[in-house]
Each structure stands twice: as C-alpha cells, then as structure tokens.
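Below, each chain spelled out in residue letters.
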Amino acid sequence: MNTLLGRRTRVLAATTATAGLVLVAVSVSGCTSSDDGGSGTKTAAGGVELVKAGRLTTCTHLPYPPFQSEIDGKVQGFDVSLIDLVAKDLGVKQEILDTPFENFKTGAFLNSGECDLAAAGMTITEERKKNVDFSDPYFDATQAVLVDKNSGVNSLADVKSKNVKLGAQAQTTGEDYVTKQGFDPVSFESSDAVLNGLRSGQVKAVVIDYPVVQGWLKDKANANAFKVVDNLNTGEQYGVTVKKGNTKLLAAVNKAIKDAKADGTYKKLYERWIGPYDESAASPSAS
C-alpha cells in the first residue's frame, strides 16, 4: 500500500496448511520475508513484542478495496498504508496474513500468535471488544445500497416492498444491519463475491460499506451498470485490533494514527485510496 513510504514489493512467502491462508511479505525497502530487519529479536522499538523478528504481522481479509487488495501484484490499500506507518515507527516491516473474516470477531489469530494485529476495515463493536482490544477509530463508515440500474429499486425500502433479492458480505456489520431490519440477505464470502453476485444477477441489490462502493464505481463499466440508491448512517467506525492486554502495541498504533492525522499523512492516504477528504474522517471520538 504506500505511496508515502515508497514502493514495496510483495513476496509470496508461504501457503499454510489451513485452506485460504496466504502469507504475504510487504516491505518498505523491498526486502523479502527471509530478512528479519537485522535485529534477530522479537522486541521492536518501544519494547513492543512481536510474533516474528523484524516483522509486524498483520491479519487481514482479501480482497477489500480500497482498504486492502492485490494491485499489480502487490497488496495495497488504505489500511496497508496506515499499518506501514506503525511498522516504520517500530523499526520493522509489515507482513500480511490473509485469513477468513470470522477470525477478526474472535481474535483467534491474535490469540494463537500468528498475527500481531488485525486491520481489515473492521467496525468497532461492543461484541467484538469482548475478544480483542481496538485502537482509536481511524475511519468513519456508512453502508451503501448498490443496485442494478434496471432493478427498479430506489431505496432500501424498495428492496423490501418489491421483494428484491439482497446480498451482503458474510460476518459484517452490513449483513447484521439488514438482518435486523427484517431482511434475509444472500451471504457472500468477500466483497468481490458481493459484486460478482450483483453482476451475475444472483442478487439485484447489495448492502456494503460505502468506501468499497466508491472504489467499485470508479470503474466505468460498474458505474454504467449500477447505482447507489441509499446511504445508511449506522454510526460505524473502523479500528485496528490487537490481542487483549497488548497495551504497548496498541499505544504504538494509536500514536501512528494520531501523528498521521496531525502531520497531513492521513489526508494524503485518504485522498489516494478513498477519495475527496472528509474532515469527519479524522474525528478522534468514537460514535
């Protein structure tokens, strides 16, 4: 991800025995995953203990543009760029582990020592706080209703009244929201699968985070075929998670977010990955 930190290489380091888990080395300098940063120690700057020497290992779920996805053979996006700032402060390089989204709710890969933190466009919720510690909010998010232009749907209410089939990404707050509104959405594994379900006609409308929709509609073919008919302000904010009690790493993440907002780096990353900067995105208070 990061224009401000220079070009990084993406090196396929390992495929685990668990299906769907791919370890990707992401570095500012272009070093491969075999490089431990020269320290040989799992203790980074500020006394932060890491699961792997010279690396800040990040759990995420790909693809989820514009926050994290593979572009031109590299894992890039807003979240990746933000966590690169944390890694830089710690004097290490970021590595990314692609995992099922379900593990973010439970903190499984943090607790097992496979990841130091998780960054995946993840909404801060009281339920998730039971299992992980969240950073300060770094992004305000809303849910968008995206429909096929030929669907005759002009709102979420239309989806229900016209009995239109609705889709959402599994295990997300968007899915939770529409389920609580009385919908029975078709669940898709990833954001790409959500869009493909809309393209193929499996569903005629979807609910998903608005920044993701913004990214989709940058593509002319998508903009010609689909439109946003509702924007649902659900009071959601994204946070980075660490294992419960990992106060030193949490402090490092919060410092990086605060510094980026203060020195203009956050604004530059926002404009690169999300779009025109909204001052509310930098609000330090949680909803």
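Thresholds applied
Residues numbered from 1 in each chain as written. Predicted model: local features only at pLDDT ≥ 70, side-chain atom pairs only at ≥ 80, totals over all residues. Heavy atoms only, no water. Disulfide = S-S within 2.5 Å. Helix = DSSP H or I, 4+ residues; strand = E, 2+ residues; numbered from the N terminus. Buried < 20%, exposed > 50% of the residue type's maximum accessible area, 1.4 Å probe, protein only. Pairing = 2+ DSSP bridges. Contact = heavy atoms within 4.5 Å. Salt bridge = Lys/Arg side-chain N within 4 Å of Asp/Glu carboxyl O. Axes fitted to C-alpha atoms, helices over the stretch in contact; angles between N-to-C directions. Left-handed = near helix turned anticlockwise from the far one by under 90°. Nonpolar A, V, L, I, M, F, W, Y, C, P; charged D, E, K, R; others polar. Polar contact = N/O pair within 3.5 Å; in protein donor to acceptor, adjacent residues only side chain to side chain. Phe/Tyr/Trp six-rings, centres within 6.5 Å; stacked < 30°, edge-to-face > 60°.

Caption draft 1: Expanded view of the state of the cysteines. For the structure shown, the criterion picks out 1 disulfide. Each sulfur of the disulfide joining Cys59 and Cys115 lies 2.1 Å from the other. On the sign convention where negative is left-handed, the bridge of Cys59 and Cys115, at about 70 degrees about the S-S bond, is right-handed. Highlighted residues: Cys59 in strand E3 (residues 55-60) and Cys115 in the loop between helix H3 (108-111) and strand E7 (117-118), separated in sequence by 56 residues. Cys115 sits in the buried class, given a relative accessible area of 2%.

Caption draft 2: Broad picture of the pairing of strand E9 (residues 139-148). Counting buried positions along E9 yields 8 of 10 residues, so the element is predominantly enclosed. Where E9 meets strand E13 (residues 226-238), 9 bridges bridge the pair, whose relative direction is antiparallel. Within the sheet, the bridge partner assigned to Leu146 lies in E13 and is Val228.

Caption draft 3: Region of interest: the environment of Asp158. The topology assignment puts Asp158 in helix H5 (residues 156-161). Separated by 71 residues in sequence, Asp158 and Val229 place their C-alpha atoms 9.8 Å apart. Filtering out sequence-adjacent residues up to four positions away, Asp158 remains in contact with Gly152, Val153 and Asn163.

Caption draft 4: Up close: the pattern of salt bridges. A full pass over the atoms with the stated rule returns 7 salt bridges. Between Glu95 and Arg55 there is a salt bridge, with its nearest N and O atoms 3.4 Å apart. With Glu95 in strand E6 (residues 93-98) and Arg55 in strand E3, this residue pair connects regions lying 40 residues apart in the sequence. The pair formed by Glu95 and Arg55 is uniform in burial state, with each residue classed as buried. The closest approach of N and O atoms between Glu271 and Lys267, which form a salt bridge, is 2.8 Å. You can see Glu271 and its partner Lys267 sitting in helix H11 (residues 265-273), 4 residues apart, about one turn around the helix. Residue class for Glu271 comes out partly exposed when judged on its relative accessible area of 38%.

Caption draft 5: Summary view of the sheet that holds E9. Overall, mixed pairing links the 5 strands, which are arranged E11-E10-E12-E9-E13 in an open sheet. The open sheet has two edge strands, strand E11 (186-188) and E13, and neither has a second partner. Ignoring which end each strand starts from, the neighbouring axes of this sheet average 25 degrees apart.

Caption draft 6: Region of the structure containing the packing of helix H1 (residues 78-90) against helix H10 (residues 247-263). Their axes nearest at 9 Å, the elements H1 and H10 cross at an angle of 115 degrees. Both H1 and H10 take part in a crossing whose hand is right-handed. Facing Leu82, Leu85, Val86, Asp89 and Leu90 of H1, the residues of H10 in contact are Leu249, Ala252, Val253, Ala256, Ile257 and Ala260. A per-class count over the contact of H1 with H10 returns 10 nonpolar, no polar and 1 charged.

Caption draft 7: Geometry of the environment of Thr142. With respect to the helices and strands, Thr142 occurs in strand E9. Relative accessible area serves as the criterion here: at 22%, Thr142 is assigned to the partly exposed category. Sequence-wise, Thr142 and Thr234 are 92 residues apart; in three dimensions their C-alpha atoms are separated by 6.0 Å. Sequence-distant contacts of Thr142, defined by excluding residues within four places in its chain, comprise Ile208, Asp209, Tyr210, Pro211, Asn231, Leu232 and Asn233. At a separation of 2.8 Å, a polar atom in the side chain of Thr142 contacts the side chain of Asn231.

Caption draft 8: Structural view of the packing of aromatic side chains. Under the counting rule described, the total for this entry stands at 13 aromatic pairs. Here Phe67 and Phe139 contribute two aromatic rings whose centre-to-centre distance is 5.3 Å and whose plane-to-plane angle is 85 degrees, an arrangement assigned as edge-to-face. Taken as a pair, Phe67 in the loop between E3 and strand E4 (69-71) and Phe139 in strand E9 lie far apart in primary sequence, 72 residues in all. Judged by its relative accessible area of 0%, Phe67 falls in the buried class. Plain terms: the ring middles of Tyr138 and Tyr238 are 6.2 Å apart, the flat faces sit at 55 degrees to each other, and that makes the pair tilted. Taken together, the residues span a long stretch of sequence, with Tyr138 in the loop between strand E8 (132-134) and E9 and Tyr238 in strand E13 at a distance of 100 residues.

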